[in-house]
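Structural overview
Chain by chain, the residues:
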Amino acid sequence: DAIDAAFSLADQTAPYDSGFIRPGGYALAQLDPGAEWDLESAVCDDGSPVGAVALDPGETVTCTFTNVKRGTLIVDEVTDPSGDPYLFDFTLTGGPDAIDAAFSLADASAPYESGLVRPGGYALAQLDPGAEWDLASAVCDDGSPVGAVVLDPGETVTCTFTNIKRGSLIV
């Protein structure tokens, strides 16, 4: 008896149950979950690989697929005075895929978005803006320091850099 079953599961749904089937070899496969998810593991409790499950007489085998949702890092630039057109240079590095991105932002620029990235540790840095500017603060909304952002599964972290323009005194 050949089985050709297709089904969908979510984290909160009941597991798929094949019902009673004959002993033998069976193959399970997860279709591509899309850009938002990564298959972290697929294991069967009897040690069989999911692509070659060996079902013995009377045996019940449970196979578990674990998927991890990607997250997003957002970087915003704020200047004092507001709206200054100066472009500040930044780097984003790290994570499981060893990202090495460089980008520039002004106060009026749309925030930088990393796109979907795997959970992990990332480092953001603002390059030296020169003598005219002072970095007043660099904070991430999840409490991570900008140099060691911890992106959890499915999380969006926004980090904001605030720079203050120096003035001059003429006497």
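Everything below is about the structure printed above this text.
For the structure given in this document, a descriptive report is provided here. (Residues numbered from 1 in each chain as written. Predicted model: local features only at pLDDT ≥ 70, side-chain atom pairs only at ≥ 80, totals over all residues. Heavy atoms only, no water.)

1. Description of the overall build of the protein
- In terms of helices and strands, the protein carries 0 helices and 12 strands.
- When the helices and strands of the protein are listed from N to C terminus, the series reads β-β-β-β-β-β-β-β-β-β-β-β.
- Rg of the C-alpha trace for the protein: 25 Å, well past the compact-globule value of 16 Å for 171 residues, more than 25% over.
- Counting only C-alpha atoms, the protein reaches 95 × 25 × 25 Å along its principal axes. (Helix = DSSP H or I, 4+ residues; strand = E, 2+ residues; numbered from the N terminus. Rg over C-alpha atoms; globule rule 2.2 N^0.38 Å.)

2. Looking at the sheet that holds strand E10 (residues 133-140)
- Taken together, the 4 strands give an open sheet; going across it, the order is E8-E5-E12-E10, and neighbouring strands pair in mixed fashion. Each edge of the open sheet is held by one strand with a lone partner, namely strand E8 (112-113) and E10.
- The sheet contact formed by strand E5 (residues 72-80) and E8 spans 2 bridges and is antiparallel. Across the sheet, the residue bridging to Ile74 is Glu113, located in E8. (Pairing = 2+ DSSP bridges.)

3. Structural notes on the packing of aromatic side chains
- Taken as a whole and assessed by the stated rule, the structure comprises 7 aromatic pairs.
- Measuring from ring centre to ring centre gives 5.0 Å for Phe88 and Trp133, while their planes differ by 75°; the resulting arrangement is edge-to-face. A residue pair is termed long-range when its members are at least 10 positions apart, and Phe88 in strand E6 (residues 88-94) and Trp133 in strand E10 qualify at 45 residues.
- Ring centres of Phe90 and Phe161 lie 4.9 Å apart, and the angle between their planes is 65°; on these two criteria the pair is classed as edge-to-face. (Phe/Tyr/Trp six-rings, centres within 6.5 Å; stacked < 30°, edge-to-face > 60°.)

4. Examining the sheet that holds strand E9 (residues 120-126)
- Strand order in the open sheet made by the 4 strands is E7-E6-E9-E11, with antiparallel pairing throughout. For this open sheet the edge positions go to strand E7 (99-105) and strand E11 (149-151), each flanked by a neighbour on one side alone. Sheet twist, expressed as the mean angle between neighbouring strand axes with direction ignored, is 25°.
- Judged from the 3 bridges that link them, E9 and E11 form a sheet pairing that is antiparallel. Bridging from a neighbouring strand, Gly120 pairs with Leu151 of E11. (Axes fitted to C-alpha atoms, helices over the stretch in contact; angles between N-to-C directions.)

5. Some remarks on the environment of Ala148
- By the secondary structure assignment, Ala148 is in the loop between E10 and E11.
- Residue classification places Ala148 among the partly exposed residues on the basis of a relative accessible area of 40%. (Buried < 20%, exposed > 50% of the residue type's maximum accessible area, 1.4 Å probe, protein only.)

Everything listed here is a matter of geometry and, on its own, says nothing about what the molecule does.
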